[in-house]
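Residues per chain, in single letters:
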Amino acid sequence: MAYFTHRFEASVSLHPVGTYNYTVVYLDPELHASLPLKEIPRLRIEADISGVPVKGAWQPSGGRWYLMLPKIPLRNAGISIGSVVEVAFKVLPQDQVDVPPELSAALQAQPNARNAWSALSAGKQRSLAHMIASAKRSETKQARLEQVIAILLGEAPLPWARK
């Protein structure tokens, strides 16, 4: 049985959103009917883009769906705007959250933080987990871990809360 359940070829494109241009691939329209895009418009997936692993979501835009791609790994693989790539993906459980080991250990050690974490939606958990996982330096990772625990304990504001 294949790990990825869907495959197609696509060109790497720029997708403008406001003042930003994201590097993306667009979902093959022939796959729209086979996916639960009406029920889950931001469908979480795990993909392989011509050898570059990507976790993300198909994002809706004007009747089309796109997947944002990581620029540096693409560049390292010799893939650029206009490149034709093989897209292979599978749909993930929509409530799946990849929790960094440091955060998992902190949550186990602090029941109040663990309870606050459990009360958050999967999307908010992913946002906080990403804050930690995206840090490159160990010092930054530790500082973000402390910030996330403070948020969970009500000692710091949520990053997405309006000011």
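(A) Summary view of the environment of Ala-122. For Ala-122, the position within the fold is in helix α4 (residues 122–133). Along the chain, Ala-122 and Phe-8 lie 114 residues apart, while their C-alpha atoms are 29 Å from each other. Those residues in contact with Ala-122, other than ones at most four positions away along the chain, are Gln-94, Asp-95 and Val-97.

(B) Summary view of the packing of aromatic side chains. The full count for this structure, using the stated rule, is six aromatic pairs. Aromatic pair Tyr-3 and Phe-4: ring centres 4.9 Å apart, planes at 85°, arrangement edge-to-face. Using a relative accessible area of 15% as the deciding quantity, one classes Phe-4 as buried. Here the aromatic residues Phe-8, Trp-58 and Phe-89 are joined through ring pairs into a cluster of three or more. For the cation-ring pair, Arg-64 lies above Tyr-26, with the distance from its terminal atom to the ring centre recorded as 3.6 Å.

(C) How the structure looks around the nonpolar core. By size, the foremost hydrophobic cluster in this structure holds 23 residues, and its most contacted members are Val-25, Leu-27, Ile-49, Trp-58, Leu-67 and Phe-89. Only β1 (6–11), β4 (43–49), β5 (52–61), β6 (64–68) and β7 (84–91) provide two or more residues apiece to this core. The element that contributes the greatest number of residues to this core is β4, accounting for four residues. With near-sequence residues (within four places) excluded, Phe-89 lies in contact with Phe-4, Thr-5, His-6, Phe-8, Leu-27, Leu-31, Leu-35, Ile-45, Glu-46, Ala-47 and Trp-58. Ranked by size, the runner-up nonpolar core spans 17 residues in total, among them Leu-103, Ala-122, Met-131 and Val-148.

(D) Expanded view of unusual backbone geometry. The phi dihedral of Ser-50 is positive, around 45°, even though this residue is not glycine. For Ser-50, the position within the fold is in the loop between β4 and β5. Since its relative accessible area comes to 35%, Ser-50 is described here as partly exposed.

(E) Quick look at the environment of Leu-107. Mapped onto the fold, Leu-107 is located in helix α2 (residues 101–109). On the basis of relative accessibility, which here comes to 5%, the residue Leu-107 falls in the buried class. With 39 residues separating them along the chain, Leu-107 and Glu-146 place their C-alpha atoms 11 Å apart. Sequence-distant contacts of Leu-107, that is, excluding residues within four places in its chain, are made with Ala-113, Arg-114, Trp-117, Ile-149 and Leu-152.

(F) The side chain of Lys-141, seen in detail. Relative to the helices and strands, Lys-141 is located in helix α5 (residues 138–152). Despite its burial, Lys-141 pairs with no opposite charge, the nearest such side chain being Glu-102 at 4.2 Å. Apart from residues no more than four positions distant in its own chain, Lys-141 is found in contact with Glu-102, Ile-132, Ala-133 and Ala-135.

What counts and what doesn't
Residues numbered from 1 in each chain as written. Predicted model: local features only at pLDDT ≥ 70, side-chain atom pairs only at ≥ 80, totals over all residues. Heavy atoms only, no water. Helix = DSSP H or I, 4+ residues; strand = E, 2+ residues; numbered from the N terminus. Contact = heavy atoms within 4.5 Å. Phe/Tyr/Trp six-rings, centres within 6.5 Å; stacked < 30°, edge-to-face > 60°. Buried < 20%, exposed > 50% of the residue type's maximum accessible area, 1.4 Å probe, protein only. Lys NZ or Arg CZ within 6 Å of the ring centre and 35° of its normal. Core = buried A, V, L, I, M, F, W, Y, C linked by side-chain atoms within 4.5 Å. Lys, Arg positive; Asp, Glu negative; His and termini not counted. Salt bridge = Lys/Arg side-chain N within 4 Å of Asp/Glu carboxyl O.

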